Amino acid sequence: MASPVSWLLVEPGWRVEGTDGKELGSVEEVLGDKDADIFDGLAVLRGIGALPRYVSADLVTGITDDGIVAVRLDAAGFERLPEHGPSGS
């Protein structure tokens, strides 16, 4: 069984799952200040050619050592999230 871990361990490529347990995408970038231990959120990529979506830290409900980040969103909610562009916006 997977154990909870800190956001500091999340790596690009980790699976992001929605409330129904289905994959919404994969982590492209972890956003925050590691030195101050401030987790801002994730840039999550869903499919080739799409811009990643910004998933704020308050939407993350769990992170486990099996490489899964659970979020409080379904597929429709994920699609409504803002894009996380190359400028870090």
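Predicted, not measured: the structure shown is a model, and the values here were computed from it. (Residues numbered from 1 in each chain as written. Predicted model: local features only at pLDDT ≥ 70, side-chain atom pairs only at ≥ 80, totals over all residues. Heavy atoms only, no water.)

Colleague: In this structure, what is going on with the sheet that holds strand β6 (residues 68–71)? I would like to understand it.
Modeller: In space, the six strands of this open sheet follow the order β4-β3-β2-β1-β6-β5, with mixed pairing throughout. With one partner strand each, in any of the chains shown, β4 (53–56) and β5 (60–64) form the two edges of the open sheet. Looking at each pair of strands side by side, their axes are set apart by 35 degrees on average, direction ignored. (Pairing = 2+ DSSP bridges. Helix = DSSP H or I, 4+ residues; strand = E, 2+ residues; numbered from the N terminus. Axes fitted to C-alpha atoms, helices over the stretch in contact; angles between N-to-C directions.)

Colleague: Teacher, can you tell me more about the environment of A75 here?
Modeller: Relative to the helices and strands, A75 is located in helix α1 (residues 75–79). Judged by its relative accessible area of 34%, A75 is partly exposed. On a C-alpha basis, the gap between A75 and K22 in space is 8.5 Å, while along the polypeptide they are 53 residues apart. If we skip the residues at most four places from it in the chain, A75 touches L24 and R46. (Buried < 20%, exposed > 50% of the residue type's maximum accessible area, 1.4 Å probe, protein only. Contact = heavy atoms within 4.5 Å.)

Colleague: Would you take a moment to explain the nonpolar core for this structure?
Modeller: Across soluble globular proteins, you tend to see nonpolar side chains buried next to one another. One finds V69 and V71 to be the most contacted residues of the largest nonpolar core, which totals 17 residues. Of all the elements in the fold, those that place two or more residues in this core are β2 (23–33), β3 (38–45), β5 and β6. Other than its neighbours up to four places away in sequence, V71 contacts V16, E17, G18, T19, L24, V55, L59, V60 and T61. (Core = buried A, V, L, I, M, F, W, Y, C linked by side-chain atoms within 4.5 Å.)

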